[in-house]
Structure formats: C-alpha cells, structure tokens
Amino acid sequence: MFGITPSARLRPSPYFEATLAEGVCAFTTYNHMLMPTSYGKPEEEYWRIINGVSQWDVACERQVQLRGPDAGKLAQILAPRDLSKCAVGQGKYVPLCNHDGILINDPILLKLADDLYWLSIADSNIWFWARAIAAERGLNVEVSEPDVSPMALQGPKAVEVVAHVCGDWVRDLKYFWFRETLIEGIPVVVARSGWSKQGGYEIYLRDGSQGARLWAIFKEAGHAWGIGPGNPNWCERVESGLISYGGDSDETTNPFELRMGKYIDLHVPDDTIGIHALRRIAAEGPKRHSLGVVLDAGDPVKPGFLWNPIFKDGVKVGDLTNCAFSYRLQKNIGFALIASQTVIGDPVDVMMDGRMQTGSLSDLPFL
Ligand code: THG
C-alpha cells in the first residue's frame, strides 16, 4: 500500500471518508480529485447498476459557474449547441470545442437562472478557458468554481430511493432536468442524469461540509432496495456507448467523429468558438467515425483505454479506444475510432498485447 500526500493539487471529495468506509480499493484522478473506480467486486458492482441501485462519488464532476448579465452569452460562445431554447431547470449535454473544432470537453450544462449557468465538466481545465474567453470578449460575467459536488444514484431502482428521500416529484423529472431543493436542510440540486444508461439521478451537494451526512441519508434510504457502492462503470458504459472525453478522444478528435453530431447546431451565432471549423468539417465530411468492435476471442480482456491499432486487410484504419468484457453479451467489446470508409460488419484485426486479435465492426451502442 502507499499513501497520498494531501496538497492543494489534490482536492478532497466531500464523500472521501464515506467511500473509505464502503471499502473503496482503487481510484483514478479526474479534475485534480480522486474518483473511486473499484470496491473490489467488479461483477457484483456491475449487476447492481443493471438490476438495482448504485451510489457513486462523482464529486470530481466539477462545476464551472457562469454568473452575471452575460452568462448566457458566454455559454453560447463556448458551446456549439443552440442554447436559445434552454429553459431554467433544464440541462443539456454540450460538446465544447476549440477554434479548430477539436473537442476539449463534453459537459452537461445546467441553466439555474437567466444569469446563472453551470458546466458540469469532464476532465480538462475549462475554468481557465471560460475565464480567458470572457475577458477577451469583454463580457460582464464572473467565472468561478463553486462548492458543488455531485453524487450519483444509478440503476433501475434509483428512482425509488430518490423519491423516498426527496418526494414523488422526482418521478416526473424529465431526462437532464433538475430542481433546487433541501434534503434535511442540506442544499442540493437534484437532476435526472448520470453516466450510465440504466436511469438515475445526480444529487449536486452545495455544501462540501455535508458530504458524510448526504451519503448516509441515501445509504440508509436505499437499504430497502439493496443499495451499495459503485462508480462510473467501465463495462456498462462501453455496452451503452457512453463517451469518455480524453479516453475516447485525443487532441485531434472532433465531435462528428464521436457520434456527437446531434449535439452540434451549425446555425449558432458566428462568434461561437469553433463553429467555422465545425461547418467546414461537416461540409467536407469527417475522416473518421465511431463504431463498435466485437472481438472473436472470448477470454475477458483487462479493461482500459488502449488505443490499440486496428487493421483491415493489413492496413491500419483506426484505433480501439477502449475495451471491456461485456457481462451481458459475454464478449469483448470496445469503441473504434476508425476511417469513415469502414462499415458495420467489416472484419478487422486488432493488435493487443503483441498479439493480433480478430473481430468485426458493429453498431453503437451495443445494448
Ligand atoms: N454527470 C455530470 N457531470 C459530468 C458527467 C455526468 N461531467 C463529466 C462527464 N459526465 C461529462 N460527459 C458526459 C457524457 C455523456 C453523458 C453525460 C455526460 C450522457 N450522454 C447520453 C448519451 O450519450 O447517450 C445522453 C446525451 C443526450 O442524449 O443528451 O448522459 O455524467 N453531472
């Protein structure tokens, strides 16, 4: 075992002590925080998300807050998705791009008020970016990182647990919509969202001193539905086709290559960052696209971000950006970022651990 030296570089999650008590045994780093990645029973943790309810410390999904008269204007400058019809209380998945149309983050945007937005970011420093853009464009907006730390409840029974704690109104919450409320006096935002396709909620804690209490409230309430600890689940997210920014993308990836075209609106104002490049890429047609890969070999592979080279007829055509053994399909599956000429059904070879594996291209999501 080894220790972790506390420092300003590694910020604590309000749920850290609670996850230790639950038996967390592996972490990754994300936005300068530790995010649990295992409680030691991967298959059990997986089926809990598929059949029950799982409790996650995702405090590392930090909020970049835009506040002030130009908050909405800045949001639209940052995001090449039309936000003009986004209502207060609504969330939207918004790819962020740089001036070249390269993906630099893929947050969920939450509109809390006409002059208050949160970008619930993936792992890259959008705080710097947003503040620099606001200054360069002379906007009247304050960019900050508030004391907000999400906890996720995911799985088909999450609705019962969250309704038990918050009330039946959560059942009527639409996907990605949210409401501000108090849970036993603790200020939170309750959203219907989360990085799984099994349904669930995210509770954005607005007072970091209350992490242990909030964790305990849901753990206790969830007892009747067999709640247990978990984390953004590798296998489930690969089966469900969920994208991990920085894992499935690199410094050259644009949103069209990652099946995010439906979240891009080419008619957004000309001052939106990257829109000129995105219009050009859309007109020319992206050179790569994302498909699934199903490997023929059955023995479970070790999950990970691999970027293993993919070959077709002996020529390199793309990369396998992740791979997982699917418990439901009983096969090794992954995402291919691959030449646009390839099609579903094509046989491919993937170089893994010095050995060529055979497989074929498939549609995404797998399930
Ligand atoms: N929740 C919150 N913040 C986050 C994440 C989250 N920040 C980091 C990261 N996850 C951001 N990335 C994603 C990626 C995918 C989705 C959400 C956040 C997602 N996608 C669905 C899909 O692709 O099928 C649906 C998107 C849609 O149809 O609008 O849910 O999870 N708070």
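Look up: the structure comes first, before these words.
Presented here is a report on the structure given in the accompanying data block. (Residues numbered from 1 in each chain as written. Predicted model: local features only at pLDDT ≥ 70, side-chain atom pairs only at ≥ 80, totals over all residues. Heavy atoms only, no water.)

1. Quick notes on the site of the ligand
Our working definition: When we say a residue is near a molecule or strand, we mean one of its heavy atoms is within 4 Å of it. Between N or O atoms, a polar contact is any pair within 3.5 Å; within protein, one atom must be a potential hydrogen donor and the other a potential acceptor, and residues adjacent in sequence are included only when both atoms are from side chains. For every accessible area listed, the method is Shrake-Rupley and the probe measures 1.4 Å; residues are considered covered only by the protein chains on display. Residues are sorted three ways: Asp, Glu, Lys and Arg are charged, Ala, Val, Leu, Ile, Met, Phe, Trp, Tyr, Cys and Pro are nonpolar, and all the rest, Gly among them, are polar.
Taken together, 18 residues are adjacent to the ligand, and Glu61, Ser120, Lys197, Glu202 and Tyr204 come closest. Between the ligand and Trp195 there is a distance of 3.4 Å, counted from an oxygen atom to a backbone nitrogen or oxygen. Relative to its unbound accessible area of 650 Å², the ligand is 88% covered by the protein chains. Considered class by class, the residues forming the shell around the ligand number twelve nonpolar, two polar and four charged.

2. Overview of the packing of helix H3 (residues 71-78) against helix H4 (residues 126-136)
For any two helices packed against each other, the geometry comes down to the angle between their axes and how far apart the axes lie. Convention followed: To get an axis, a line is fitted to the C-alpha atoms, and for a helix only the part in contact is used. The angle between two axes follows their N-to-C directions and goes from 0 to 180 degrees. Only DSSP runs of H or I covering at least 4 residues are called helices, and only runs of E covering at least 2 are called strands; the numbering of each starts at the N terminus. Convention used here: angles under 35 degrees read as roughly parallel, angles over 145 as roughly antiparallel, angles from 65 to 115 as roughly perpendicular, and any remaining angle as oblique. It is the rotation of the near helix from the far one that decides the hand of a crossing: anticlockwise by less than a right angle makes it left-handed, clockwise makes it right-handed. Contacts are assigned to residue pairs that have any heavy atoms within 4.5 Å of one another.
Between H3 and H4, the least distance of the axes is 11 Å, while the angle of their chain directions is 115°. With respect to each other, H3 and H4 are oriented roughly perpendicular. Regarding H3 and H4, the two cross each other, and that crossing is right-handed. The segment H3 lies against H4, with Leu74, Ile77 and Leu78 engaging Trp129, Ala130, Ile133 and Ala134. Looking at the contact of H3 with H4 residue by residue, the classes come out as seven nonpolar, no polar and no charged.

3. Details of the side chain of Glu61
You can see Glu61 is positioned in the loop between strand S3 (54-57) and strand S4 (63-67). In this structure, Glu61 is in contact with Ser120, Ile121, Pro150 and Glu202, ignoring residues within four places of it in sequence.

4. Some words on the pattern of salt bridges
For the record, the criterion: Each salt bridge in this description consists of a side-chain nitrogen of Lys or Arg and a carboxyl oxygen of Asp or Glu lying within 4 Å of one another. Whether a residue is buried, partly exposed or exposed follows from its accessible area with a 1.4 Å probe, protein chains only, as a fraction of its type maximum: under 20%, in between, or over 50%, in that order.
On inspection of all chains with the given rule, the structure shows 16 salt bridges. Between Glu44 and Arg48 there is a salt bridge, with the nearest N and O atoms lying 3.2 Å from each other. Note that Glu44 and Arg48 are positioned in helix H2 (residues 42-51) at a spacing of four residues, about one turn of the helix. We classify Glu44 as partly exposed; its relative accessible area is 44%. Owing to a relative accessible area of 17%, Arg48 belongs among the buried residues under this scheme. Across the pair Lys316 and Asp319 runs a salt bridge whose closest N-O atoms are separated by 3.1 Å.

5. A closer look at the sheet that holds strand S19 (residues 331-339)
Selection criterion: A strand pair is defined by DSSP finding two or more bridges across the two strands.
Reading around the barrel, the six strands line up as S16-S19-S18-S17-S20-S21 and close back on themselves, with antiparallel pairing between neighbours. Each neighbouring strand pair of the sheet contributes to a mean axis angle of 40°, computed without reference to strand direction. Taken together, the four bridges between strand S16 (residues 288-295) and strand S21 (residues 355-362) define a ladder with antiparallel strand orientation. Note on S21: the bridge partner recorded for Gly292 is Ser362.

6. A closer look at the packing of helix H5 (residues 158-166) against helix H6 (residues 211-222)
Where H5 meets H6, the axes come as close as 9 Å, and the angle between the chain directions of the two elements is 115°. Both H5 and H6 take part in a crossing whose hand is right-handed. Contact residues: Val161, Val162, His164 and Val165 in H5; Ile217, Phe218, Ala221 and Gly222 in H6. Across the contact of H5 with H6, the residue classes break down as six nonpolar, two polar and no charged.

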